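Read off the chains here:
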Amino acid sequence: MPVLEMQGITKRFGPLLANDQIDLTVEPNEIHALLGENGAGKTTLMKILYGLYQPDAGSILIDNRPVRFRSPASAIAHGIGYVSQHFSLVPTLTVAENIVLGYEGRSLLQRREMEQIVHETAQRFGFNNIPPDALVRDLSVGQQQRVEILKALYRDCRVLILDEPTAVLTPQDAANLFETLLDLRARHLSVIMITHKLEEVMAISQQVTVLRHGRVVGRRRTSETNPTDLANLMVGRSTAAVTRKANHQASTASALNVRDLWLQDRRGVALLRGVSLTVNQGEIVGVAGVAGNGQSELVGVLSGMIAPDRGTVEVRGNALKLGDPRAFNRARVGRIPEDRLKGVVSDLTVAQNLALEQMEDFSRAGHVDYKRIEQHAERLIREFQIKARPGDRARTLSGGNIQKIILARALARDPVVVIAAQPTRGLDIGATEYVHQKLLEQKERGAGVLLVSEDLDELLMLSDRIVVMFKGEITGRLDATTATPETIGLLMAGGQQDRQANAISAQPLSGRDHAGLPT
Amino acid sequence: MIEFIATVLGATLRISTPILLSGLGETLIERAGILNLGIEGTMLLAAFNGFVVAQTTGSLFAGLAAAMLTGVVLGLLMGFLTVTLGLNQHVSGLGITLLASGLALFSFRLLYGGASTPPSLPESFRVIPILSGTPLGPVLSQYGLTYLALLLVPVLSLAITRTTFGLRLRAVGENPEAADMAGINVYRMRYLALIIGGALIGLGGAFLSLAQLGAFTHGIISGRGWVAIAIVIFGNWQPVKVLAGALLFGGLQALQLRLQAEGVPLPYEALLALPYILTIIALAIAGRNASYPAALLKPYRREG
């Protein structure tokens, strides 16, 4: 008898049909993968199951009895637990406070007792290293996720939903998570895991439901399927894999030369600690690291947006004035910012956004030649296959098309250096492939590309060399042809690289160390 | 000298009271994620309504109740605008201040016309004499509302840190999505904070018309609501530190009044401005480390 059934769930957001007659059945003791690309409707379906959205049609059955969830509280009461992608924890409260929140049991809080109960729950499920009295903001991402799971367990959940649980984790944390999930399954819990990573589905699930464009396009027993089958279901076409450019064609002439960057924030916390690196012409250098270890600041400096306390940046041997975006622009540093919504002015048109970095080419004595801006835009729209007209406002575009505008603007002027920060974050497979192809084109025409990404597969696929950042320092330099996700993962978690043996040893991690948070 | 210090300390507590009461109310409201700029107008209308009710019924406690009710009603209006409709909190709060001030002054005109002397109560709240005759007398002999305000400091402090109500309040003000996911009704918590906070803000206004002055004038609040908002930031949203801020402002005000009375050779305008200038400086220093409730000013909407 299934523990949970969703039948004919339909949900519309305006003109968008997010869920179209979706059926989902989850058995007891089952890890059920909900697989699909971004925008396939996985999260919407789970938010309906958790009472956050009301379905337009369809029914939910728990233990064969129909239920209706008007709010998360009623879903929780029926044993549903939900760990969303962006954790729903209150950073300024302690672990124990977060866990009992909403289910305190009485009006006076007994701190000691509360922490004791949380401690016992943690022990019972084998969660170590979660101090109940610590503030959540001081925990690593991996620990925060465990707090979220613990919260659901504290409320006696029987079906645990995890939304892209490994997206923010190091490979080691992900491995720990999987162990936990298998352990929970052995304790008769069911788990629904939202993911778009095929290897995760294969590694841990027993059953897979694949969604595409809001519809179920396939159901499989994991033991009876394979990654190719799942990928085809998920994408609806066979994907052309980006082939690794393993042979190092880079010249030895440097495109970008960064020396000894130091940066402190206002409180005196070091954000960059002596970062040096070189990107040669025709080379892609990947920057790996858990979010918050200085990558954003490095990108800020290399875009001219942040003036470091110390250090130099040279492009083809010419030192640039730091903290001056115009200098970087003039030196033809193409920039793809981390947050693409900050890379466009949402109320300006596509054409104006495309011209933004070279207004001097389109104006004479302060007078702007809109005709030429329009022609320029039409050319780039064709070349970069942007699905928009020159006169459309940027804010009406999808994320993928906004990213194409940014790419077009950064790449149209034959950049010497490309600084690409999380260039495929949140994009679907098609758009991701397109971005990859464009970055490889730049490499081939001799630009030096610095690729900052949290996606290890992407780094391994595209980079010639990979550097790893931890706590504002470059702690590892690897050849991408020999690097593995495991070695990079260890370095990301604060392990040290032993240069002689070219091996990596993990250093003992204290709680907050591998979060890379300022202590 | 001892007498000088004792009178200044006594005046400090008196002057701090309305700011402290309103500041504590505002603290609760801001902890839930709402900046209530309606505070200045709410204090004025509460002072007025309390005064009118006390005058017509002859009961000061009826006046207090009316003032608190005024605060609650305006709190509910703020809730309707910013919680239910999700409108901008700055605009809604300033709108309420304009509305409430206008209502108070208009009604004042209607009821008392152009009276040249401000109307006053035949009898207002009296100070409770404690150890009068001793040097401590001027310090300890205070209005009941002053003692209530001081008592509320530990009470609210414990309520915020040690009760379920406080935990939920903090959760709603820091991360309403998380609170919602935990099954807490975000709207209800915010309304609750506005109701309790509104009542306290009303009390702050009533203290002036029913106790300290026993009369009503146009300028009875004269910026005390804005000062209350400043000391909430100064106090980093913690009742005990808000008390410290209120005492700092009250102390400067008391000192300034005393210096005027002593005839210090400074223009009185300069002395009048002194507490405000020093408050701005204190705020500028304390405000650097202020840790705002993360959801302050953000209306909560469940997507979908």
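These lines cover the structure that appears in this document, whether it is placed above or below. This one's a predicted model, so the numbers in the text were calculated from it and none came from an experiment. (Residues numbered from 1 in each chain as written. Chains lettered and ligands numbered in written order. Predicted model: local features only at pLDDT ≥ 70, side-chain atom pairs only at ≥ 80, totals over all residues. Heavy atoms only, no water.)

1. Quick word on the overall build of chain B
Of the regular secondary structure elements, chain B holds 12 helices and 0 strands. In chain B, the succession of helices and strands from N to C terminus is α-α-α-α-α-α-α-α-α-α-α-α. Its C-alpha atoms give chain B a radius of gyration of 19 Å, near enough to 19 Å, the size a compact globule of 304 residues would have. Overall, the C-alpha framework of chain B stretches about 65 × 45 × 35 Å when taken along its three principal axes. By the burial criterion, 54% of the 304 residues in chain B qualify as buried. (Helix = DSSP H or I, 4+ residues; strand = E, 2+ residues; numbered from the N terminus. Rg over C-alpha atoms; globule rule 2.2 N^0.38 Å. Buried < 20%, exposed > 50% of the residue type's maximum accessible area, 1.4 Å probe, protein only.)

2. So, the pattern of salt bridges
Throughout the structure, instances matching the rule amount to 22 salt bridges over all chains. With its nearest N and O atoms 2.8 Å apart, the salt bridge here joins Glu 104 of chain A to Arg 168 of chain B. Of this pair, Glu 104 of chain A sits in the loop between helix 3 (95-100) and helix 4 (111-124) while Arg 168 of chain B sits in helix 7 (residues 164-174), which puts the two residues in different chains. Between Asp 347 of chain A and Arg 395 of chain A there is a salt bridge; the shortest N-O distance is 2.6 Å. (Salt bridge = Lys/Arg side-chain N within 4 Å of Asp/Glu carboxyl O.)

3. Focus: the pairing of strand 10 (residues 215-221) of chain A
All names here are of chain A. Pairing of strand 9 (residues 207-212) with strand 10, which is carried by 6 bridges, proceeds in the antiparallel orientation. When the sheet's bridge partners are listed, Leu 211 is paired in strand 10 with Val 216. Connecting strand 9 to the antiparallel partner strand 10 that follows it, the hairpin turn spans 2 residues, and His 213 within it adopts a positive phi of roughly 45 degrees. (Pairing = 2+ DSSP bridges.)

4. Details of the sheet that holds strand 5 (residues 65-67) of chain A
Residue and element names in this part refer to chain A. The strand order across the open sheet built from 4 strands is 2-1-4-5, with neighbouring strands paired in antiparallel fashion. With partners counted over all chains shown, the strands left at the sheet margins are strand 2 (16-26) and strand 5, one partner each. Sheet twist, expressed as the mean angle between neighbouring strand axes with direction ignored, is 30 degrees. Where strand 1 (residues 4-13) meets strand 4 (residues 57-62), 5 bridges bridge the pair, whose relative direction is antiparallel. Residue pairing for strand 4: Thr 10 is matched across the bridge by Ala 57. Seen against the sheet, helix 1 (residues 42-49) touches strand 1, strand 2 and strand 4 and runs at an angle of roughly 115 degrees to strand 1. (Axes fitted to C-alpha atoms, helices over the stretch in contact; angles between N-to-C directions. Contact = heavy atoms within 4.5 Å.)

5. Here we look at the packing of helix 2 (residues 39-57) of chain B against helix 3 (residues 60-84) of chain B
Residues and elements named next belong to chain B. Axis separation between helix 2 and helix 3 bottoms out at 7 Å; the angle between their running directions is 150 degrees. Taken together, helix 2 and helix 3 sit at an angle that is classed as roughly antiparallel. The interaxial crossing formed by helix 2 with helix 3 has right-handed handedness. Between helix 2, through Thr 42, Leu 45, Ala 46, Asn 49, Gly 50, Val 53, Ala 54 and Thr 57, and helix 3, the contact on the second element is made entirely by Leu 60, Ala 62, Gly 63, Ala 66, Ala 67, Thr 70, Gly 71 and Leu 74. Tallied by class, the residues present in the contact of helix 2 with helix 3 amount to 9 nonpolar, 7 polar and no charged. (Parallel < 35°, antiparallel > 145°, perpendicular 65-115°, else oblique. Left-handed = near helix turned anticlockwise from the far one by under 90°. Nonpolar A, V, L, I, M, F, W, Y, C, P; charged D, E, K, R; others polar.)

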